[in-house]
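Working through the structure, step by step
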Amino acid sequence: MTGALAPIKPLTALDRCDRCGAQAYIRATLPVGGELLFCAHHGRQHVTVLRDKGAEIQDESARLSESPASAPEGER
């Protein structure tokens, strides 16, 4: 083990919440290995306890409030 952290891979539309199946915006990497994926709603419910238990949290829920700068070509 080198101590280097693995690069964080962004969550995609294919990543689904382990509780409800909605698009995942939060990844909790557990200290014992493995990960849990949550939508923003379920992530808010569980993230504090998971962080307290040593999980690393990747929260991309801010993407929900982003809006595109302009419509793609052909959709204007």
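Residues numbered from 1 in each chain as written. Predicted model: local features only at pLDDT ≥ 70, side-chain atom pairs only at ≥ 80, totals over all residues. Heavy atoms only, no water.

Under an unreviewed UniProt entry, the name given to the protein is DUF7455 domain-containing protein, and the organism recorded is Microbispora bryophytorum.

A few words now on the environment of Gln 23. Mapped onto the elements, Gln 23 comes out in the segment before β1 (26–29). Sequence-distant contacts of Gln 23, defined by excluding residues within four places in its chain, comprise Thr 12, Ala 13, Asp 15, Arg 16, Cys 17, Cys 39 and Arg 63. Here Tyr 25 takes part through its side chain, which lies 3.4 Å from a polar atom of the side chain of Gln 23. (Helix = DSSP H or I, 4+ residues; strand = E, 2+ residues; numbered from the N terminus. Contact = heavy atoms within 4.5 Å. Polar contact = N/O pair within 3.5 Å; in protein donor to acceptor, adjacent residues only side chain to side chain.)

Here the idea is simple: oppositely charged side chains can pair when their charged atoms come close. According to the stated counting rule, one finds 2 salt bridges in the structure shown. Arg 27 is paired through a salt bridge with Glu 35; the nearest N and O atoms lie 3.1 Å apart. As a salt-bridge pair, Arg 63 and Glu 60 come within 3.6 Å of each other at their nearest N and O atoms. (Salt bridge = Lys/Arg side-chain N within 4 Å of Asp/Glu carboxyl O.)

What follows is about the pairing of β1. Pairing between β1 and strand β2 (residues 35–38): 4 bridges, direction antiparallel. Residue pairing in the sheet places Ile 26 in a bridge with Phe 38 of β2. Linking β1 back to β2 in an antiparallel pair, the connection comprises 5 residues, with Gly 33 at a positive phi of about 105 degrees. By the bridge criterion, 4 bridges tie β1 to strand β3 (residues 56–59) in an arrangement that is antiparallel. What sits directly across from Arg 27, in β3, is Gln 58. (Pairing = 2+ DSSP bridges.)

On to helix α1 (residues 40–52). Along its 13 residues, α1 runs 18 Å from first to last C-alpha, staying within 8% of the 18 Å computed at 1.5 Å per residue. Along α1, the helix axis deviates most sharply at His 46, where the bend reaches about 45 degrees. Looking only at α1, the buried set comprises Ala 40, His 42, Gly 43, Val 47 and Leu 50. Packed against the buried residues of α1 are β1, β2 and β3. With its phi angle positive at about 100 degrees, Gly 54 sits one or two positions after the end of α1. (Expected span 1.5 Å × (residues − 1). Bend = angle between axes of the 7 residues up to and from the residue. Buried < 20%, exposed > 50% of the residue type's maximum accessible area, 1.4 Å probe, protein only.)

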